[in-house]
Amino acid sequence: MDALVQLRGIKKSYGGVKALRGVDFDIRPGEIHALLGENGAGKSTLMKVLGGDISANEGTIIVDGKTANYRGPADAKASGIQMIHQELALAPDLSVAENIYLGALPTVIKWRDLNRAAGEVLDRFGFDIGPREIVGKLPIALQQIVEIAKALSKKARIIVFDEPTAVLSGKDAERLHEIMLQLRAQGVGVVYISHRLDEVFEVADRMTVLKDGETVGTIDAKDTDVAQIISMMVGRRMSAMFPEKPETEIGHEVLRVENLGRGRKVLGVNFSVRAGEIVGLGGLVGSGRTEVAKMIFGADPIETGKVYLNGEELRLKSPHDAVRAGINLLPEDRKGEGVVIDFPIKVNSTMAMMGKITNKFGFIRHSTESRDITELTDQLTLKCGHIGDPVSTLSGGNQQKVVLAKWMFAGGELIIFDEPTRGVDVGAKSEIYGLINQMAADGKAVLVISSEHQELFGICDRILVMGNGALQGELLPPDFSDENLLHLAMASGVAEQNGANDV
Amino acid sequence: MSSKATGGTSEVIEKRPFDKAEFIEKYSTFGIFLILVVVATLWTDTFLTERNMLNVLRQVAAGTGIMAVGMLFVILTRGIDLSVGSIQALGSVLCGYYIVQLDISIWFGIPLVLLSGAACGAITGLFVAYLSLPSFVMSLAMMAMARGLSLVYSQGQPIVLGKAGAAITEFGSGRFLNVPMPVWLMAFIFIVAGITLNFTKYGRIIKAIGSNEEAVRLSGINVPRYVASVYVISGVLAATAGIIAASRTGIGSSQVGVGAELNVIAAVVIGGASLMGGRGGVINTLIGALILGVMTNLMNLAGVPGYHQQVWMGVIIAVAMLLHFSVTKIKN
């Protein structure tokens, strides 16, 4: 079969860093081609070359048998290549319909036509979003869907999905897979980038694995399995992903939450976490997990209920209070909430506990800071050029380690991880699991929120499952399974319908 | 320029490699200033004389210079303070009001003026920080209030400092090592601000707030307190500029600093600070203020009529910004 687009021997360097060292990649009509690899392997760079966002130092792009010479993204779009980026490029104050047709809006807008056309695109792919809704008010998962609809509204011969399911719940991710299959049936070439390998195996026809800017290989999906792909990505088997837990003693009760509630989002949640214990908080996206975490951290107001730390009731009005009490939060949105991305690694690492690196007049002791943070980054095996470099120069996994460094430096008693490995590559994931285990072994109480069930099963001592703002149940290791977890998470849907009158 | 290879293997901490784009971004303001000075020197005979240089510095000190420091702090947190010109006028009037009309001694009067400036800034700051009102709107309101108060306390008439305020006017015309006292004061303020921004926890936090306020808040830092404080600093420095204005002219006047906020913002922005917060430095801000000062001086020396001068100032601001943006664009 002839390829729609062929990339031949693509090389790209940034300064001295070789991002791509001669990569070959091709996309055929009517196939779903997964592009896999750890963060920093060069996937995004390769797709930027394909999309005309950057130009390669060497190599050729062949479209329909002819060498293409892109001057910018517009040229790539003109040849039918559409990109759906991980980072949303939406105008939050405009409606869904306006966003979908942004860039193609007529001089005089006929609202009825515009909304109908947008409605058709959304309906065709089975999304339940109104074209008149304001994008900024939608949950992030639905915003992602608007972004996808935007690409689908245009004539496309190749569509690149760059980690589209990172923020989607299981149901939406499945719908997305159906769309990919529809596109494939229409003869579109689909490129699918994702860290969720189980999902990739559901739909992909072929897989290409990149490692350190080189192609490890391209294989048909039916000839391989998850374990082989992982070993291609990192050169080790999957069983190595969850590190052995160190001997950990479960101590006294550190956190106790009583009847915590806010509006309809969180409905009277009770639980506790002990020192040395890793407790998972599972459930679907939007079930109130993040809200619980933010309330315990003082970042969101508490309407009802009490939070106790070491038996003492806390009055939390801001994260400032929480951090002083010894509560740490590694937030879900790393770039928006976790790090000051343009600022140096060391500045981010010391931000939560600047008292340790300042004298009594507030002057920063730069040498102490550099020494302490160098020590800490070594301990975390953080891969960086220099601790004075901005966090933006790091890969996702290493950025996450900076947030970890911040809390390790601050040294609290309770640490809450909200989606600790989102957008983090397999190798770094494993390291982060090791660090979480280590923190528990050091006597901290750990609460982990995650949408990846395997992650919870791999590291937690027990898992609390939330659904519709309430705690639905608890799982202990013998009961760890997708079925049990989903049963608790989804059963609440029925419960809510039955109990609607009680609210 | 070639990117030098950095040796220094003996150092415990490895030096960062030379970054051309970063170098240009850092020193482009200085480059513009240098070009302007060279042009001015070649164009006129009088520019590069000690007398004229000190004159420029004195004008900068009494005009935009000191206020630019406060504005820099505010802009670093991604805010804006439109009230500085009005608070300057209020400072100038209160100088006369407290010391001449209320007959308060200068040792209490001056701190009282500064405290009044701080109070104005605190009102803006508290509303911005704790009620999340936009700084643009809140400082616009304070701009009207402070100007109004300056008219109220002066009853629309200039207050002559005269004998009671002799110490102030002596400061305004005084010199130390042949350099005017206001210039020393400005230098002192810039040095303190530079140290604060680069070497203290406070400076680091306000820059970080401008870059990503939420991340700073979620690091457990009491963000509102820091945000409010920058407006207080700006208010105090604006009042200081008001005192200097009074010291130079010998009167407290409500007509001081009309439109000054725009020149002050221009100085900070020409100095390379980003209105999106998080980026900017004290030295570049000083150079930004000096660029505006040298421009005015150059036009005076070259005999450009006053009305035309305003037009050219606008052109210069636009050109400086253009250079900045084209330079930072090279970076990407």
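A quick note: this is a predicted structure, and the numbers were derived from the prediction, not measured.

(A) Region of interest: the overall build of chain A. A tally of helices and strands in chain A yields 17 helices and 20 strands. At 24 Å, chain A has a C-alpha radius of gyration in line with the 23 Å of a compact globule built from 503 residues. For the C-alpha atoms alone, the extent of chain A along its principal axes is close to 70 × 60 × 50 Å. Counting over 503 residues, chain A shows a buried share of 54%. Across chain A, the fraction of contacts at a sequence separation of at least 24, relative to all contacts at a separation of at least 6, is 67%. When the accessible surface of chain A is summed, it comes to about 21900 Å², and 48% of that surface belongs to carbon and sulfur atoms.

(B) A look at the domain arrangement of chain A. Entries for chain A in the domain assignment read domain 1 (5-235), domain 2 (241-326 + 412-503) and domain 3 (337-411). Distance between the C-alpha centres of domain 1 of chain A and domain 3 of chain A: 34 Å.

(C) Representation of the sheet that holds strand β15 (residues 312-314) of chain A within the structure. All names here are of chain A. Taken together, the 4 strands give an open sheet; going across it, the order is β12-β11-β14-β15, and neighbouring strands pair in antiparallel fashion. What marks the edges here is a single partner per strand, and that holds for β12 (266-274) and β15. Between one strand and the next, the sheet's axes are offset by a mean angle of 20°, whatever the strand orientation. Taken together, the 5 bridges between strand β11 (residues 253-262) and strand β14 (residues 304-309) define a ladder with antiparallel strand orientation. Across the sheet, E258 pairs through a bridge with K306, a residue of β14. Across the sheet, helix α9 (residues 289-296) is in contact with β11, β12 and β14; its angle to β11 comes to roughly 115°.

(D) The arrangement of the packing of helix α14 (residues 396-410) of chain A against helix α15 (residues 426-441) of chain A in detail. All names here are of chain A. Closest axis-to-axis distance for the α14/α15 pair is 10 Å, and the angle between their directions is 15°. The angle between α14 and α15 places the two elements in the roughly parallel class. Considering only the axes of α14 and α15, their crossing is left-handed. Contacts between α14 and α15 involve G397, Q400, K401, L404 and M408 on the former and, on the latter, A428, E431, I432, L435 and M439. Counted by class, the contact of α14 with α15 contains 6 nonpolar, 2 polar and 2 charged residues.

(E) How the structure looks around helix α6 (residues 170-185) of chain A. Residues and elements named next belong to chain A. Compared with the 22 Å implied by 1.5 Å per residue over 16 residues, the 23 Å span of α6 between its first and last C-alpha is a close match. All buried positions along α6 are accounted for by D172, A173, L176, H177, I179, M180 and L183. Taken end-on, α6 shows its buried residues confined to a sector of 160°, consistent with a single buried face. Across α6 from its buried face, at more than 90 degrees, point the exposed residues K171, E174 and A185. Residues of α6 that are buried sit in contact with β3 (31-36), α5 (140-152), β7 (158-162), β8 (189-193) and α7 (197-203).

(F) Inspection of the packing of aromatic side chains at higher detail. Residue and element names in this part refer to chain A. Scanning the entire structure with this criterion turns up 7 aromatic pairs over all chains. Where F457 meets F480, the ring centres are 5.4 Å apart and the plane angle is 25°; that geometry is what we call stacked. Of this pair, F457 sits in helix α16 (residues 453-459) while F480 sits in the loop between β20 (470-475) and α17 (482-498), placing them 23 residues apart in sequence. Per residue, the accessibility class of F457 equals that of F480, and both read buried.

(G) Broad picture of the interface of chain A and chain B. The partner chain B presents 24 residues to the 33 residues of chain A that form the contact. Carbon and sulfur atoms supply 61% of the area that chain A and chain B bury against each other, a total of about 2400 Å² over both sides. Taken together, chain A and chain B are joined by 1 salt bridge. We note a salt bridge from R204 of chain B to E369 of chain A, for which the minimum N-O separation is 2.6 Å. Here chain A and chain B share 10 residue pairs in polar contact (both at pLDDT 80 or more) between them. The set of elements that each furnish at least two residues to the side of chain A that touches chain B consists of α10 (319-325), α11 (334-338), α12 (345-350), α13 (366-379) and α14 of chain A. When residues of the side of chain A that touches chain B are assigned to their parent elements, the largest contribution, 4 residues, is made by α11 of chain A. Tallied by class, the residues present in the side of chain A that touches chain B amount to 17 nonpolar, 10 polar and 6 charged.

(H) How the structure looks around the UniProt feature "transmembrane region" (unreviewed entry) in chain B. Residue and element names in this part refer to chain B. Cross-referencing UniProt, the feature "transmembrane region" (unreviewed entry) maps to residues 27-44, 56-76, 112-133, 181-199, 226-246, 258-276, 283-304 and 310-327 in the present numbering. Helix makes up 100% of residues 226-246 and strand makes up 0%, while its end C-alpha atoms are separated by 31 Å. In this annotation, residues 283-304 is assigned 86% helix and 0% strand; the end-to-end C-alpha distance for the span is 29 Å.

(I) Region of interest: the environment of I106 of chain B. Residues and elements named next belong to chain B. Take I106: it is sitting in helix α4 (residues 106-131). In the structure, I106 is positioned 11 residues away from C95 in sequence and 8.9 Å away in space, judged by C-alpha atoms. Those residues in contact with I106 that lie beyond four places of it in its chain are I99, P111, A167 and I168.

(J) Looking closely at the confidence of the model for chain B. Predicted confidence across chain B gives a mean pLDDT of 86, with 92% of residues reaching 70 or more. Long-range and interchain partners of residues 1-14 of chain B, a stretch whose pLDDT sits below 50, account for 11 contacts in this model, where long-range means more than four residues apart.

(K) Structural context of the nonpolar core. Judged by nonpolar contacts, the single largest core of 218 residues is most densely connected at F161, F271 and I296 of chain A. The dominant element in this core, judged by the number of residues it contributes, is helix α2 (residues 50-76) of chain B, at 14 residues. Here I296 of chain A is in contact with L255, V257, L260, F271, V307, L316, A322, I327, L414 and I416 of chain A, once residues within four sequence places are set aside. Membership of the second largest hydrophobic core comes to 25 residues, among which are I27, L35, L50 and L210 of chain A.

(L) How the structure looks around the pattern of salt bridges. All names here are of chain A. Tallying each qualifying case throughout the model produces 23 salt bridges over all chains. Between R206 and E31 there is a salt bridge whose closest N-O contact spans 2.8 Å. With R206 in strand β9 (residues 206-211) and E31 in strand β3, this pair connects stretches of sequence that are 175 residues apart. Relative accessible area serves as the criterion here: at 7%, R206 is assigned to the buried category. R157 is the partner of D64 in a salt bridge, and the nearest nitrogen-oxygen pair spans 2.9 Å. Highlighted residues: D64 in the loop between β4 (58-63) and β5 (66-68) and R157 in the loop between α5 and β7, separated in sequence by 93 residues. For R157, a relative accessible area of 33% gives the class partly exposed. One connected set of salt bridges, linked through shared partners, spans R289, E332, E419 and R422.

(M) Quick peek at the environment of I206 of chain B. All names here are of chain B. Note on placement: I206 falls in helix α8 (residues 201-211). Considered as a pair, I206 and V223 are 17 residues apart in the sequence and their alpha carbons are 8.6 Å apart. Excluding residues within four positions of it along the chain, I206 makes contact with F73, L76, T77, L197, Y226 and V230.

(N) Summary view of a nonpolar patch on the surface. Among the surface-exposed residues, I123, L126, F127, Y130, L131 and L133 of chain B lie close enough to one another that they form a single nonpolar patch of about 550 Å² accessible area. Inspection of the secondary structure assignment puts L126 of chain B in helix α4.

Each value, and the rule that gives it
Residues numbered from 1 in each chain as written. Chains lettered and ligands numbered in written order. Predicted model: local features only at pLDDT ≥ 70, side-chain atom pairs only at ≥ 80, totals over all residues. Heavy atoms only, no water. Helix = DSSP H or I, 4+ residues; strand = E, 2+ residues; numbered from the N terminus. Rg over C-alpha atoms; globule rule 2.2 N^0.38 Å. Buried < 20%, exposed > 50% of the residue type's maximum accessible area, 1.4 Å probe, protein only. Contact = heavy atoms within 4.5 Å. Areas by Shrake-Rupley, 256 points an atom, 1.4 Å probe, with all protein chains shown as cover. Domains from an automatic or database assignment. Pairing = 2+ DSSP bridges. Axes fitted to C-alpha atoms, helices over the stretch in contact; angles between N-to-C directions. Parallel < 35°, antiparallel > 145°, perpendicular 65-115°, else oblique. Left-handed = near helix turned anticlockwise from the far one by under 90°. Nonpolar A, V, L, I, M, F, W, Y, C, P; charged D, E, K, R; others polar. Expected span 1.5 Å × (residues − 1). Arc of directions from axis to C-beta. Phe/Tyr/Trp six-rings, centres within 6.5 Å; stacked < 30°, edge-to-face > 60°. Buried area = accessible area lost by both parts, 1.4 Å probe. Salt bridge = Lys/Arg side-chain N within 4 Å of Asp/Glu carboxyl O. Polar contact = N/O pair within 3.5 Å; in protein donor to acceptor, adjacent residues only side chain to side chain. UniProt positions renumbered as here; feature names shortened; annotations may be inferred. pLDDT = per-residue confidence, 0-100. Core = buried A, V, L, I, M, F, W, Y, C linked by side-chain atoms within 4.5 Å. Patch = residues over 30% accessible without salt bridge, like charges linked within 9 Å, V, L, I, M, F, W, Y side chains within 5 Å.

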